[in-house]
2 protein chains.
Amino acid sequence: MASPTPPTHPAASADDTTTIPLGQYLWARIRQLGTRSVIGVPGDFNLHFLDHIALVPGLRFVGAGNELNAAYAADGYARAASSASSDSSASPPGVLVTTHGVGELSALNGVAGAHAEHIAVVHVVGQTPRALQRSRACIHHGLSSEAPGPDHQVYAGMSEKVRIAAAKLWDVDDAPTEIDRVLAACVRGRRPVYVFLPLDLSMERVPRALLERPLDLAPPEGDAAAAAAMLDEAANAILELLGKAKKAAVFVDVLTARHGGAGAARRLIRRLGLPVFSSNMGKAIVDETDPLFVGCLNGRMGRAGVFERLQEADLVILLGDLPGDTNTGFFSRGLGDERTVFVGPFDVRINDKTYAPCPLAPLLTRLLALIPPTYTPPTPAFTPLAPAPPSPTPAPTAPLAQAHLWPLIAAQLLKPHDIVLAETGTASFGLADTLFPPHVQWHAQSYYGSIGWATGAAAGAGVAVQDGLALPQAEGGSPLVAEGRVVLVTGDGSFQLAMQEVGTMVKHGLPVVIVLVNNGGYTIERIIHGAGQAYNDINPAAYAHLLPLFRHPAPSSHYRRCSTFGELSAALKEIEAATAAATQEPSAAQETQDAGAGTERPEGARQQNVQLLELITDKLDVPWRLMETIKSIGPHKVAELEREGFAV
Amino acid sequence: MASPTPPTHPAASADDTTTIPLGQYLWARIRQLGTRSVIGVPGDFNLHFLDHIALVPGLRFVGAGNELNAAYAADGYARAASSASSDSSASPPGVLVTTHGVGELSALNGVAGAHAEHIAVVHVVGQTPRALQRSRACIHHGLSSEAPGPDHQVYAGMSEKVRIAAAKLWDVDDAPTEIDRVLAACVRGRRPVYVFLPLDLSMERVPRALLERPLDLAPPEGDAAAAAAMLDEAANAILELLGKAKKAAVFVDVLTARHGGAGAARRLIRRLGLPVFSSNMGKAIVDETDPLFVGCLNGRMGRAGVFERLQEADLVILLGDLPGDTNTGFFSRGLGDERTVFVGPFDVRINDKTYAPCPLAPLLTRLLALIPPTYTPPTPAFTPLAPAPPSPTPAPTAPLAQAHLWPLIAAQLLKPHDIVLAETGTASFGLADTLFPPHVQWHAQSYYGSIGWATGAAAGAGVAVQDGLALPQAEGGSPLVAEGRVVLVTGDGSFQLAMQEVGTMVKHGLPVVIVLVNNGGYTIERIIHGAGQAYNDINPAAYAHLLPLFRHPAPSSHYRRCSTFGELSAALKEIEAATAAATQEPSAAQETQDAGAGTERPEGARQQNVQLLELITDKLDVPWRLMETIKSIGPHKVAELEREGFAV
Ligand SMILES: Cc1ncc(C[n+]2csc(CCOP(=O)(O)OP(=O)(O)O)c2C)c(N)n1
Ligand SMILES: Cc1ncc(C[n+]2csc(CCOP(=O)(O)OP(=O)(O)O)c2C)c(N)n1
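Definitions and cut-offs
- Residues numbered from 1 in each chain as written.
- Chains lettered and ligands numbered in written order.
- Predicted model: local features only at pLDDT ≥ 70, side-chain atom pairs only at ≥ 80, totals over all residues.
- Heavy atoms only, no water.
- UniProt positions renumbered as here; feature names shortened; annotations may be inferred.
- Helix = DSSP H or I, 4+ residues; strand = E, 2+ residues; numbered from the N terminus.
- Buried < 20%, exposed > 50% of the residue type's maximum accessible area, 1.4 Å probe, protein only.
- Contact = heavy atoms within 4.5 Å.
- Core = buried A, V, L, I, M, F, W, Y, C linked by side-chain atoms within 4.5 Å.
- Pairing = 2+ DSSP bridges.
- Axes fitted to C-alpha atoms, helices over the stretch in contact; angles between N-to-C directions.
- Near = heavy atom within 4 Å.
- Polar contact = N/O pair within 3.5 Å; in protein donor to acceptor, adjacent residues only side chain to side chain.
- Areas by Shrake-Rupley, 256 points an atom, 1.4 Å probe, with all protein chains shown as cover.
- Salt bridge = Lys/Arg side-chain N within 4 Å of Asp/Glu carboxyl O.
- Buried area = accessible area lost by both parts, 1.4 Å probe.
- Nonpolar A, V, L, I, M, F, W, Y, C, P; charged D, E, K, R; others polar.
- Least-squares fit on C-alpha atoms with pLDDT ≥ 70 in both.

Under an unreviewed UniProt entry, the name given to chain A is Pyruvate decarboxylase, and the source organism is Aplosporella prunicola CBS 121167. UniProt annotates chain A under Sequence similarities (unreviewed entry) with the comment "Belongs to the TPP enzyme family."

Shown next as structure tokens:
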């Protein structure tokens, strides 16, 4: 709707090169953090400062299908970028921009997910001009229209619990400092922060020279010596326990990667030579092909023998714990205080003693440094695990079944440097259970578990790949490898919530392979309750029309639908060939990323773009690990499942 | 994800007919309010009490594409149903059901819109079981996982400002009373209320007999005599002013309809015989074919001469004022206190005096009763308005242009009992400017203005039509007419945000005509700022694939794409014929509503179902009223528009 007062453009005389608009200051600071794309949806109260994005070299705006998806995308961007730069806790945040009220509230659930799962997201909200805020004017997007008029800050209050810091900008004089403060908080805390920017304020000018002052990202409190002493104290305490242990092990959980500790963790593990376990959310932080890797566990659930090995350990160094029900097999992990060292994002806990502040990545580095040169890895004291039995490949005519589907996907679809985003649903159970090739990123929002997330996040991760941020970086900041795709694994039910984001993927030619499990609805809910109830059916869709709807340049050659294992094998081979062809010209996607949007390009042109692989499975077919989890509820549940027709 | 603890089903012995689960109690109470559909998305923490919906005769669950759309749909359901039952302030609320955290937050923006615009919506949230709440268990959908564990009630706090009442259910003993309290608050206040229902509690049992106690919907406070005296006092004060006025007029704004006063307002106006104006949001509450109707205004903006007539009045009775910028031409309405009586939803204000509590619908009824029998309508003292010049119909080969498009749509597409939902964007400016046939409902979320709303709300309005609630009702509650379609008018930009809801429309065979203005992006934003900026482009789409994607039974015969006026005329004739054919068998849609979902039905079968009319317009083409509004900003803006290529 019409912007009520034409915002003032405080005259910047043509030769005023010493000042810049505050909006530009904000984006330039964000660019300094490494971020190269701002994701969002325009609105009356941000349009003017969206212009300022183009003033910052190397930064672009990427429009999303809606604000919730934009939030998911910013989350996916941050995940992909932070896992690649595994040695830095200062990896680029995802950045989201929305408009007053309608936009910021639409995004709220996506930001909440980032909060729950420790993702660095900066949410910039365009607010109404300050004069209208002061007079409580009944401007559109207001929450009420009664006297004395709406409180324009009401929405800022509603997001308080999903952020760790907020800059409520009001005066141009302290705005730059405020911006710096919250950006640093985001990078340090790896959780969402908000920047509330009144539209008129975004156009006021600040000294350009402020941008030359480097952003101060160091931890705020305490003196350096005390901080170092704390790290030493914690590290020595851990080393002492390690010295006494007979059967020590390391358990890597997801917050290790979220707080920039993946690289240090890998080096530490190699040096210690201890067996390594991972949680399902922490999957693939340590390469699953590493000889020290024992297995991936969701509480008790995992490949046969893995949980038992974990129980043999008399000391477990638990890195980056995220102890949610869905990451601990409903708290069945069995890691009691008496044999566990909890290394959290900002503290270490050993029995009743807490070492804090003790940030994870510096601690791991310090630990590595303090290991005595004389230390030699113990001869493995663990009963070795029998190699996994080769999964029998079903006959080509056999209908797809989840028990055999996922190992095939893992072995034949996934390649090093792929970034997997797996949605809550049957698929993430199935895929988590397979063994990944090295250098694969795995992201699943298993704790917050908002469905639709993976589709939006895949778009954001694709943007990060295109920005060159989601692949291992050389010192100078350019990617070391050219490959790297996003593999979105989602059920049809979850996909329905966020499907417009395929439009963003196609428009920008993002290298996303969508693995869509079409089982006619919410299968994971069916196994929980109401297998046959209509509420677990979704709106039917014919996915052959999906890529054409979004004007994919070559829709028919990028869409494959499989009902049998024969079809799946063939499809996987074709996708492999297509990816190989496309990655021979790594910059093709980049070059045409915007130019060709909406125009038909010749079928089969060499180009990374969205691939859609639709897998038809039965609506009562679930991966075995999910079935085991549900059966563990008890005999009455098993009986219910049988009654409902599940293959128990 | 797996529900952690299998919820207990407190044994209801086979012959226990005297108690029912609390979930069933809730739905039965909602059914007593007249609601026939519950709209939402399932989740682990509501599945069990979704089963209880089926226990209530005449109530069904309708799954939406996502929770935000579900909230919009519940809003649209309430709008459609409340306008039809124009004589009752107790019309059925829209009812929305979501799951803990992820669901309720996703819906928040939609509920906020209902709050801003006075829509009765009941939001039922399935919460985690109480034991897990008490222990702050790290159950999925938690906002944090650090000690002492997440506060499960944190989300309930976040929606506090978008509701007027909440039942935070905890004890089965007082739960029924709590439910009754908030349902009554919703019906009386015509704004959202929340019911937070822990999953385990939903299965505890309450006496069935409680359902026989009628819901008490009467205003809570004060005694009846005092309330009646207040109504009399206000009514007499108004009559006194009317007696003194030389040129009185009535201005009908949207809250009149929202608070059940539409019917009373129409009768009052007829009896008073005064000229009637409406705001753009209040459009068509009084039939625009009524001889007393002068015109529809957005502040100063309207058909030539209308604003001037309004200025001639020495007394304006302003009913149901919603004084937002977008409903008052940015506060240019010129209705000063000295000549205006403000009749609000719950009070009357005359200069400095406020009469309260003074609910709108009873006041209008009382006013009507108090008009002395001797009263005769004044001979119109207003300068009559010249008839509108006939809009020249462009040549059939002329490309579509918004200036001439909307009168054609109004004249040839809209029929009595159609329910129009117009999205924020160029279209709602264009369509608001045309003259409607009688008995058309008009809904535009112009104040809250969250785009995507209209698409979701159209699905909800379609459900209400199918439920028989959105058409004039006979005493017994069955619809008086069989026709009645939903006409969704939306830009492509807004549509993108909520497009999955077309799946809901098609699955249920809802009688929705989608008028989709395809102008390559956010045109209304282009005229505000950044006409040529890439951020105002959206992801391109080829809408011919939309109905096939959602398995429309006859996609090609229900899709029309027009670039010229000739094509539009032809399309409108075809749609007219199709509607006529379909409404000859009014129950066809009803019968097949669920059966055929997902299966192809023979092309051309007689059936109300989604029609898609795609209109191609230029990306810088806007309706004249919008252009006038923007030009009024000043000469610098006019110059900017010219530079950018607009036809100023
Ligand atoms: C925003 C949101 N709404 C609802 C839910 C509840 N929920 C969790 S999983 C699920 C079903 C997922 O179905 P699908 O993606 O089709 O996967 P499937 O299990 O069928 O493979 C639902 C509805 C949720 N987690 N998040
Ligand atoms: C949820 C939400 N996000 C963003 C906006 C800002 N906004 C208002 S109108 C509009 C553009 C609408 O474009 P479209 O529907 O294509 O209509 P057009 O003006 O092009 O006809 C936008 C982005 C909003 N009002 N609500």
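Anyway, onward from the coordinates.
K.L.:
Help me understand the environment of Gly530 of chain B in this model?
P.N.:
Residues and elements named next belong to chain B. In this fold, Gly530 is placed in the loop between α19 (523–528) and α20 (546–549). What makes Gly530 buried here is its relative accessible area of 7%. For Gly530, the residues in contact, after removing those within four places along its chain, are Tyr535, Asn536 and Glu644.

K.L.:
For this particular structure, what's the right way to read the UniProt feature "binding site: Mg(2+)" (unreviewed entry) in chain A?
P.N.:
All names here are of chain A. UniProt records the feature "binding site: Mg(2+)" (unreviewed entry) at Asp492, Asn519 and Gly521, using the numbering of this structure. Taking the farthest pair of C-alpha atoms as the criterion, the annotated set spanning 30 residues converges on one region, since that pair is 7.0 Å apart. Positionally, Asp492 belongs in helix α17 (residues 492–498). Taking relative accessible area as the criterion, Asp492 reaches 2% and is therefore assigned buried. Once residues within four sequence positions are removed from consideration, Asp492 is found in contact with Leu516, Val517, Asn518, Asn519, Gly520, Gly521, Ile538 and Tyr543. Among the secondary structure elements, Gly521 is positioned in the loop between β20 (512–518) and α19 (523–528). A relative accessible area of 4% places Gly521 in the buried class.

K.L.:
Where do I start with the nonpolar core in this structure?
P.N.:
The tendency in soluble globular proteins is for nonpolar side chains to be buried as a group. Membership of the largest hydrophobic core comes to 148 residues, with the highest contact counts inside it found for Met505 and Ile514 of chain A together with Met505 and Ile514 of chain B. Excluding residues within four positions of it along the chain, Ile514 of chain A makes contact with Leu488, Thr490, Val502, Met505, Val610, Gln611, Leu612 and Leu613 of chain A.

K.L.:
Could you clarify how one ought to interpret the sheet that holds strand β4 (residues 94–99) of chain A in this entry?
P.N.:
The strands that make up a sheet are held in pairs by hydrogen bonds between backbone atoms, and each pair lies either parallel or antiparallel. All names here are of chain A. Sheet architecture is open: six strands sit in the order β3-β2-β4-β5-β7-β6, paired in parallel fashion. Of all strands in the sheet, those bounded by a partner on one side alone are β3 (60–63) and β6 (165–168). Neighbour to neighbour, the strand axes of the sheet diverge by 25° on average, direction disregarded. Across six bridges, the pairing between strand β5 (residues 121–127) and strand β7 (residues 193–198) is parallel. Paired with Gln127 across the strands is Pro198, a residue of β7. In the packing of helix α7 (residues 175–189) onto the sheet, contacts are made with β5, β6 and β7, and the angle to β6 comes to roughly 165°.

K.L.:
Help me understand the site of ligand 2 in this model?
P.N.:
Inspection of the region around ligand 2 gives 21 residues, with Glu67 of chain A together with Thr426, Gly449, Gly493 and Ser494 of chain B positioned closest. In this structure, ligand 2 sits where chains A and B come together, each supplying nearby residues. At 3.1 Å, a backbone N or O of Ile451 of chain B approaches a nitrogen atom of ligand 2. The fraction of the free accessible surface of ligand 2 (600 Å²) that becomes covered by protein chains is 99%.

K.L.:
What's the story with the pattern of salt bridges in this structure? I'm lost.
P.N.:
Side-chain pairs of opposite charge can arise where the charged atoms are in close proximity. Residues and elements named next belong to chain B. Applying the stated criterion across every chain yields a total of 50 salt bridges over all chains. Close ionic contact of Lys631 with Glu628 constitutes a salt bridge, the shortest N to O distance being 3.7 Å. In this pair, Lys631 and Glu628 both sit in helix α23 (residues 624–631), three residues apart, roughly one turn of the helix. Judged by relative accessible area, Lys631 falls into the partly exposed class, the value being 25%. In this structure Glu628 comes out as partly exposed when scored by relative accessible area, which is 31%.

K.L.:
Is there a simple way to think about the interface of chain A and chain B in this case?
P.N.:
It is common to give the size of an interface as the accessible area that goes away when the parts come together. In this assembly, 95 residues from chain A lie in contact with 95 residues from chain B. Surface buried jointly by chain A and chain B totals about 8,100 Å² across both partners, of which 63% is contributed by carbon and sulfur atoms. Put simply, chain A and chain B have two salt bridges between them. In this structure, the salt-bridge partner of Arg191 of chain A is Glu146 of chain B, at a minimum N-O distance of 3.1 Å. On inspection of chain A and its partner chain B, the count reaches 44 residue pairs in polar contact (both at pLDDT 80 or more). Sorting elements by how many residues they give to the side of chain A that touches chain B places helix α4 (residues 102–116) of chain A first, with eight residues. Tallied by class, the residues present in the side of chain A that touches chain B amount to 51 nonpolar, 33 polar and eleven charged.

K.L.:
I'm lost on the relation of the copies chain A and chain B in this one. Help?
P.N.:
For the match of chain A to chain B, the screw axis carries a shift of 0.0 Å, the RMSD comes to 0.0 Å, and the turn is 180°. The relationship between the two copies is best expressed as a two-fold rotation axis. The fraction of interface residues of chain A whose copies in chain B are also interface residues reaches 100%, indicating that both copies meet through the same surface.

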